[in-house]
Amino acid sequence: MEEAVSAGRLREEGNALFQAGQHRAALAAYTRALSLDCSGPERAVLHRNRAACHLKLEDYAEAEADASKAIEADGRDMKALFRRSQALQKLGRLDQAISDLQRCISLEPKNKAFQEALRALGSSMHEKMKTMSCTDSKVEQMFQILLDPEEKDADKKQKAAQNLIVLAREEAGAEKIFQSDGVRLLTRLLDTAKADLMLAALRTLVGLCSGHRSRTMAILAELGAPRLSAVLGVEHEQVSLAACNLLHVMFDSLREGLQKDFRGKEDAVVLDSSKDLKLLIKDLLELLPLEGASAHGRDNALNLLIKAVPRKSPKETNNSMSLWVIDQGLKKILEVGSTVCGAPGSLPVTENTRMSASVLLSKLYEDLKCDAERENFHHLCEDYVRSWFEGHELAGKLRAIQTVSCLLQGPSDAGNRVLELEGIMDSVLSLCASVCEAHQLVAVEALIHAADKAKRASFITANGVSLLKEIYKHSERDSIRIRALVGLCKLGSAGGTDFSMKQFAEGSTMKLAKQCRKWLCNEAIDAGTRRWAVEGLAYLTFDADVKEEFVEDKAAMQAMFQLAKSEDRSVLYAVASTLVNCTNSYDHEEPDPQMLELAKYAKQHIPEQHPKDKPDFVKRRVRKLLTAGVVSALACMVKSENPALTNSCRELISRVFLALVAEAEDRGGVVAQGGGKALIPLSLEGTEVGQTKAAQALAKITITSNPEMAFPGERIYEVVRPLVSLLHLQRTGLENFEGLMALTNLAGISERLRQKILKEKAVPMIEGYMFEEHELIRLAATECMCNMAMSKEVQELFLAEDSDRLKLMVLYSGEEDEKLRRAASGTLAMLTALHPPICKRIPQVTVHWLEILQALLLSPSTELQHRGAVVVMNMMAAERGVAEQLIASEMLEILSVLAKDRDKPRVAQAAQEALAQAVAYGLIKPGPGQE
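Residues numbered from 1 in each chain as written. Predicted model: local features only at pLDDT ≥ 70, side-chain atom pairs only at ≥ 80, totals over all residues. Heavy atoms only, no water.

1. Considering the overall build of the chain
Here is step 1: In terms of helices and strands, the chain carries 54 helices and zero strands.
Here is step 2: By the burial criterion, 53% of the 931 residues in the chain qualify as buried.
Here is step 3: Within the chain, counting contacts between residues at least 6 apart in sequence, those at least 24 apart form 69% of the total.
Here is step 4: With the model as given, the accessible surface of the chain reaches about 43600 Å², and the carbon-plus-sulfur share is 51%. (Helix = DSSP H or I, 4+ residues; strand = E, 2+ residues; numbered from the N terminus. Buried < 20%, exposed > 50% of the residue type's maximum accessible area, 1.4 Å probe, protein only. Contact = heavy atoms within 4.5 Å. Areas by Shrake-Rupley, 256 points an atom, 1.4 Å probe, with all protein chains shown as cover.)

Shown next, in the form of structure tokens:
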């Protein structure tokens, strides 16, 4: 019985809040009541009331759901029927809305509100039918123009195609095309083999499939996966890309199901799309080794497989799709990865194809969950390499070695395993000395990729260094020499940033770096070969002397940035690594002095920092990179949709950006060159470390720049989530502090931004940091809460009876830290002005309230005095009882003095108004000049 009474009391509380216009709070009260064990009729009323709240909050889908639950309990509930009709109307389901209204009128025929609503709805329905009829004829007309072989007007055809694409972007238009036999007609457009018509068909199909699983399944059944795969493999690059986009949308719709809420259309049918997914993936795998497929079509197929197959998150337990792809298609992927360019019968590939294959193999390997699955992967790779290495003469050995390179660039564990197969390493070393350039290229690249794998490094140092030196010194081909040089660079950088560990003689590293820069700047050498010069610098720039020389060489920096912007995306990681080294943005911990002494005593090796890696040198290098245009190069790298932009590559770019915005004076330039825009996707996708570094860089920009100028338009709202992520407990104190500072700036801009911060559930975290021991973090959290308190939802938190939030603000207004007092007293001034009940509660939260308010009024800071005077003025106006307590203390004397202070007009005015209120209550007599 007690619980039923509680539910009733909560319903009454919700009704009062609803009447006061506090719809979110009312919704919360009704929801709490529903969580209790209340009777069926009571539950129906609560659902009906929640529907009313949802309508006010414009959440029409939820309004319909709640009203439906009320109607289930009582089919004659007119209020619930009327509210559901309102929700259905807003959701565009006019026929169902009319049905509900007709039921309302049948229950209460003389109700004028129902009659008027039905008339208005009937008019809307008529307009909709008229529009749909017009749309029907337009769809038919557009297809006639596009499919008419006699139609020669190119502009007319282009306009028809564009109209079709635009129509398909709207749900109603997409459904109309679909219902008007549109899929068959779009198939005819695809079969014309004319690029412009194919593009129109593919882009229209994207609209039809977006977020709609059942339509996607029907379209796939009509078109057939083989046809889509064939279109993906065409020579026309734009058509192939459009097909790739369509397939990507199809994958999303099939995997995630129906994203939009179309109740009644699909909810009754459970759609199993797993077969369709496998069908699409099977055809993509079949495309990979197909000789007739174009090079960019093959790249697009690999990109789709990278996005569609592996699990999106380790939290997902089902990796069956990856296991199925490994079983059905691993050898097909290796066929692409093992392609030797220029060899007879080799597959057409681009400069990015092998890297894409490596990334796909790596993603599949990472998706495996147990040793048995990994062992199967290894066996399949080993069997494939053996199949080429044994019995295929030289051509087979080359394919086997190329496969090793592909695996070493992707799942390196698998690469190391195949490298240990009998005869592989010997063949690599012997082919390094081949007179045939193509053969030597394959072998030297394999040696390079093996050189930075710890398992092979010592073996290669012993056996490969002399060979690479010979090739570097005596080869007449730059393409071979540059690769040999990279191998030497890798081996020469084994000590990393440790100044005391050098692999080569003094000066050798500088000579190698100089040669790398020379090749990098030589535009006569093709971009694919010059990329290897950047690979070399990525290793050599561990040496601070090399870094210093590199940033002084403007031509080399510009050449590297141009390569970063080129079509060859396989250079991205090397460019990012070089920049991380130059900016020292890798992680490095200061060694414990006691541990250093122990290490010296034990005669252990102690890493030493290069003198030129000290902060002043790093700062100068950052400035030179900024002057050379590093930001535009990084922004261009981030835009890449290529698989080469891996999560680890994103992390490196985020590290560089954080180093670039370390100094406040550089941040404006970074934003002006597109850095702010580039940081947003980096902060939302990638490794956790990478996302955090990017979010911290965004915070630094937001703190010192005008956020509305740094992130114009809708972009400013995208910044909120990364900033909130800096408040998580696992972040460092500095990241917490900068996140709070940045959110404070955003919260002060607009209510929409405050709502976005609320939606990201930041308020509880901000509150938590208000109790932080570190004074700067505590201050930042309080300032942030001060700005957030401008939102009604946050104000309601302070009104809650069982909360200590108000007490904390009052106590902080009496702290020694002036900035903390300013933030807390500012919050109190605003809250007491907006909510008189808060004025009444202040005397109840702490016995020191009078003492704190008096200290504010007596503060040497005019700003604190003004805030204190406003709080007192609001409390005086709120209730006579509170005013009596104030006047009975020394407050009267303080206010009397402040009211006469002409040097502080704002403080004086607030004091005068407080005294005037006391006069109105009859607590004091009016002074001279007062009535």
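2. Quick notes on the nonpolar core
Here is step 1: Phe377, Ile653, Phe657, Leu660 and Leu886 are the most contacted members of the largest nonpolar core, which totals 267 residues.
Here is step 2: What Leu886 contacts, discounting residues up to four positions off in sequence, is Trp849, Leu850, Leu853, Val872, Met875, Met876, Met891 and Leu892.
Here is step 3: Ranked by size, the runner-up nonpolar core spans 12 residues in total, among them Ala7, Leu10, Leu17 and Cys53. (Core = buried A, V, L, I, M, F, W, Y, C linked by side-chain atoms within 4.5 Å.)

3. Overview of the side chain of Asp543
Here is step 1: Looking at where Asp543 falls in the secondary structure, it is placed in the loop between helix H28 (527–540) and helix H29 (544–552).
Here is step 2: Side-chain polar atoms of Asp543 contact the backbone nitrogen of Asp545, separated by 2.8 Å. (Polar contact = N/O pair within 3.5 Å; in protein donor to acceptor, adjacent residues only side chain to side chain.)

4. Thoughts on helix H30 (residues 554–564)
Here is step 1: By the burial criterion, the buried members of H30 are Ala556, Met557, Ala559, Met560, Phe561, Leu563 and Ala564.
Here is step 2: In this structure, the buried side of H30 is in contact with helix H27 (508–521), H28, H29, helix H31 (572–583), helix H33 (615–628) and helix H34 (630–639).

5. What to know about the environment of Leu634
Here is step 1: Secondary-structure assignment places Leu634 in helix H34.
Here is step 2: Note: C-alpha distance between Leu634 and Phe561 (73 residues apart in sequence) is 8.3 Å.
Here is step 3: Excluding its chain neighbours within four sequence positions, the residues that come into contact with Leu634 are Leu579, Ile653, Val656, Phe657 and Leu660.

6. A look at helix H9 (residues 171–179)
Here is step 1: Considered for burial, the residues of H9 that qualify are Glu171, Gly173, Ala174, Glu175, Lys176 and Ile177.
Here is step 2: Positive backbone phi, at 60°, marks Asp181, one or two positions downstream of H9.

7. Concerning unusual backbone geometry
Here is step 1: Despite not being glycine, Ala193 has its phi angle at roughly 65°, a positive value.
Here is step 2: For Ala193, the location among the structural elements is in the loop between helix H10 (182–191) and helix H11 (195–209).
Here is step 3: The exposed category is assigned to Ala193, whose relative accessible area is 62%.

8. Brief notes about the packing of aromatic side chains
Here is step 1: Enumeration according to the criterion identifies two aromatic pairs in this entry.
Here is step 2: Both rings, one in Phe82 and one in Phe114, keep their centres 5.3 Å apart while their planes meet at 45°; by these two values the pair is tilted. Of this pair, Phe82 sits in helix H5 (residues 78–90) while Phe114 sits in helix H7 (residues 112–147), placing them 32 residues apart in sequence.
Here is step 3: You can call Phe82 partly exposed: its relative accessible area is 22%.
Here is step 4: The ring of Phe617 has Arg620 sitting right over it, with the charged end atom 4.8 Å from the ring centre. (Phe/Tyr/Trp six-rings, centres within 6.5 Å; stacked < 30°, edge-to-face > 60°. Lys NZ or Arg CZ within 6 Å of the ring centre and 35° of its normal.)

9. A word on the pattern of salt bridges
Here is step 1: Here the structure, examined in full by the defined rule, presents 40 salt bridges.
Here is step 2: Two residues, Arg374 and Asp371, come together in a salt bridge whose shortest N-O distance is 3.4 Å. Residue Arg374 and its partner Asp371 are located together in helix H19 (residues 371–389), separated by three residues, close to a single helical turn.
Here is step 3: One salt-bridge network, in which partners are shared between bridges, spans Glu375, Glu382, Asp383, Arg386 and Arg417. (Salt bridge = Lys/Arg side-chain N within 4 Å of Asp/Glu carboxyl O.)

10. What about the confidence of the model for the chain?
Here is step 1: Chain-level statistics for the chain give a pLDDT mean of 83 and a share of 89% at 70 or above.
Here is step 2: Predicted confidence in the chain is weakest over helix H32 (residues 593–601), with a mean pLDDT of 52, and strongest over helix H41 (residues 720–725), with 94.
Here is step 3: Counted against residues more than four places away or in other chains, residues 1–5, with its pLDDT under 50, gives two contacts. (pLDDT = per-residue confidence, 0-100.)

11. Some points on the side chain of Asn736
Here is step 1: Of note, Asn736 is situated in helix H42 (residues 733–747).
Here is step 2: What Asn736 contacts, discounting residues up to four positions off in sequence, is Leu726, Leu727, His728, Arg731 and Tyr769.

12. Details of the packing of helix H17 (residues 320–337) against helix H18 (residues 353–366)
Here is step 1: Put simply, H17 and H18 touch, their axes get as near as 10 Å, and they point 155° apart. Judged by the inter-axis angle, H17 sits roughly antiparallel to H18. The way H17 lies across H18 gives a crossing that is left-handed. Across the interface between the two elements, Ser322, Val325, Ile326, Leu330, Ile333, Leu334, Val336 and Gly337 from H17 touch Thr353, Arg354, Ala357, Leu360, Leu361 and Leu364 from H18.
Here is step 2: Class assignment of the residues belonging to the contact of H17 with H18 gives a composition of 10 nonpolar, three polar and one charged. (Axes fitted to C-alpha atoms, helices over the stretch in contact; angles between N-to-C directions. Parallel < 35°, antiparallel > 145°, perpendicular 65-115°, else oblique. Left-handed = near helix turned anticlockwise from the far one by under 90°. Nonpolar A, V, L, I, M, F, W, Y, C, P; charged D, E, K, R; others polar.)

13. Concerning the packing of H29 against H33
Here is step 1: Two elements in contact, H29 and H33, have axes whose closest approach is 9 Å; the angle formed by their N-to-C orientations is 30°. Classified by the interaxial angle, the pair formed by H29 and H33 is roughly parallel. For H29 against H33, the interelement crossing comes out left-handed. Touching Ala544, Lys547, Glu548, Val551 and Glu552 of H29 are Phe617, Arg621, Lys624 and Leu625, all from H33.
Here is step 2: Residue classes in the contact of H29 with H33 are distributed as four nonpolar, no polar and five charged.

14. Points about the environment of Gly92
Here is step 1: Note that Gly92 resides in the loop between H5 and helix H6 (94–107).
Here is step 2: Taking the C-alpha atoms as reference points, Gly92 and Ala172, 80 residues apart in sequence, are found 9.6 Å from one another.

15. With respect to the environment of Gly410
Here is step 1: With respect to the secondary-structure elements, Gly410 resides in the loop between helix H20 (393–409) and helix H21 (412–419).
Here is step 2: For Gly410 and Ser358, which are 52 residues apart along the polypeptide, the C-alpha to C-alpha distance reads 4.3 Å.
Here is step 3: If near-sequence neighbours (up to four positions away) are discounted, Gly410 is found in contact with Ser358 and Ser362.

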